[in-house]
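Topology and contacts: notes
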Amino acid sequence: MGIVKIKDKTFKTSIPEADILKKVQVVADRLNRDYADKTPVFLAVLNGSFIFAADLMRMITVPSEISFVKYASYEGTSSTGSMKTLMGLNQDLTGRHVVIVEDIVDSGFTMAHMIEDLKKKNPASIEICSLLVKPGNLKVDLDINYAVMEIPNDFIVGYGLDYDQEGRNLRDIYTIVEE
Ligand code: 5GP
Ligand code: MG
Ligand code: MG
């Protein structure tokens with residue numbers, strides 16, 4: 001709680017851990033109802049979602065699986081430049097109910113791209129469960145059925161989210177202080 005400095009930026013507490021956990025529980029309760037007989041596959045997107053995924057999964061009481069995936073960028077040789085590939089997905093999703101576990105949806109491009117990739121695996125359904133959503137920045141048409149919290153467009157860190165790779169370990173969520 002309070003003020004933290006990470007590299008050249010200052011951040012202040014905006015959502016304490018206890019408040020986050022209460023809201024995660026609300027969404028977990030909904031998932032437990034909606035997926036009671038579906039044995040969902042949770043796909044947590046690294047790195048940002050690792051803490052959220054750990055807390056959420058311990059609140060899930062229905063039979064389920066979890067896997068961790070990551071988008072790796074590499075420099076393509078084509079004129080399209082850099083591309084992002086989904087790494088770490090080594091299981092059959094055919095006919096499965098997939099729930100993406102994401103840290104934050106900003107423009108929505110990452111989630112739109114991931115849904116297109118996952119559709120090729122022929123799952124029975126795909127839903128998004130995101131800790132945070134910035135509705136003011138959404139640039140694509142995206143259904144986010146399980147959003148834990150909506151926040152303004154300010155940059156945040158903590159609870160898994162980073163500023164230049166630091167700050168993921170902070171227990172609370174912090175908002176940048178404009179100087
Ligand atoms: P989108 O494709 O929706 O624009 O971007 C989503 C990704 O951008 C997130 O998964 C996250 O890595 C990053 N991002 C967006 N807003 C924030 C923010 O406020 N703080 C941090 N740490 N990352 C953010
Ligand atoms: Mg993310
Ligand atoms: Mg990041």
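Everything below is about the structure printed above this text.
Now for a look at the structure at hand. (Residues numbered from 1 in each chain as written. Chains lettered and ligands numbered in written order. Predicted model: local features only at pLDDT ≥ 70, side-chain atom pairs only at ≥ 80, totals over all residues. Heavy atoms only, no water.)

**Focus: the coordination of the magnesium ion (ligand 2)**
So the rule is basically this: Counted as donors are the N, O and S atoms within 2.8 Å of the metal, or 3.2 Å for Na, K and Ca, while water is not among the atoms, so some sites may look incomplete. Relative accessible area decides the class of each residue, using a 1.4 Å probe on protein chains only: under 20% of the type maximum gives buried, over 50% gives exposed, and in between gives partly exposed.
Around the magnesium ion (ligand 2), the protein contributes the donor atoms E102 (OE) and D103 (OD), at 2.3 to 2.6 Å from the metal centre. For the pair formed by E102 and D103, the shared burial category is buried.

**Some remarks on the pairing of strand β2 (residues 9-15)**
Note the threshold: One requirement defines pairing of two strands: DSSP has to find at least two bridges between them. Secondary structure elements are taken from DSSP: a helix is a run of H or I of four residues or more, a strand is a run of E of two residues or more, and numbering for both begins at the N terminus.
Here 4 bridges tie strand β1 (residues 3-6) to β2, and the two strands are oriented antiparallel to one another. Residue pairing across strands places V4 opposite F11, the latter belonging to β2. Between the end of β1 and the start of β2, which pair antiparallel, lie 2 residues, with K7 showing a positive phi angle near 50 degrees. Sheet topology note: the β2/strand β10 (residues 173-176) ladder contains 4 bridges and is antiparallel. Within β10, the residue paired with T13 across the bridge is Y174.

**Focus on the layout of surface pockets**
We count it as follows: Cavities and pockets are found on a 1 Å grid laid over the protein atoms alone: a cavity is a set of points where a 1.4 Å probe fits but cannot escape, a pocket is an open set with protein on both sides within 12 Å along at least five of seven lines, and a lining residue has an atom within 4 Å of such a point. Grid points are joined across faces, edges and corners, and a volume is the space filled by probe spheres set on the points. Note on residue classes: Ala, Val, Leu, Ile, Met, Phe, Trp, Tyr, Cys and Pro are nonpolar, Asp, Glu, Lys and Arg are charged, and everything else, Gly too, is polar.
Estimated volume of the largest pocket: approximately 570 Å³. Residue assignment for the lining of the largest pocket shows that the elements contributing at least two residues are β3 (41-46), β4 (65-75), β6 (97-105) and α3 (109-119). Here the lining of the largest pocket gets 4 residues from one element, more than from any other, and that element is β6. For the lining of the largest pocket, the class distribution of residues is 10 nonpolar, 5 polar and 8 charged.

**Overview of a nonpolar patch on the surface**
Just so we agree on the cut-off: Two joining distances apply to patches: 9 Å for like charges and 5 Å for nonpolar side chains (Val, Leu, Ile, Met, Phe, Trp, Tyr), and every residue must have over 30% relative accessible area and no salt bridge. The protein chains shown are the only cover counted for residues, whose accessible areas, like all others here, come from Shrake-Rupley with a 1.4 Å probe. When a carboxyl oxygen of Asp or Glu is within 4 Å of a side-chain nitrogen of Lys or Arg, the pair counts as a salt bridge.
Judged by side-chain polarity, L46, F50, I66 and F68 come together as a nonpolar surface patch covering roughly 320 Å² of accessible area. Along the chain, F68 turns up in strand β4.

**With respect to the pattern of salt bridges**
Proximity of charged atoms lets side chains of opposite charge pair with each other. Taken as a whole, this structure holds 9 salt bridges when the rule is applied. Salt-bridge contacts for D164 lead to K7; the nearest nitrogen and oxygen are separated by 2.9 Å. Residue D164 is found in the loop between β9 (156-157) and β10, and its partner K7 is found in the loop between β1 and β2; the two are separated by 157 residues along the sequence. Taking relative accessible area as the criterion, D164 reaches 46% and is therefore assigned partly exposed. Classification of K7 by relative accessible area gives partly exposed; the value is 46%. A salt bridge links E166 to K7, with the shortest nitrogen-to-oxygen separation between them at 3.9 Å. Of this pair, E166 sits in the loop between β9 and β10 while K7 sits in the loop between β1 and β2, placing them 159 residues apart in sequence.

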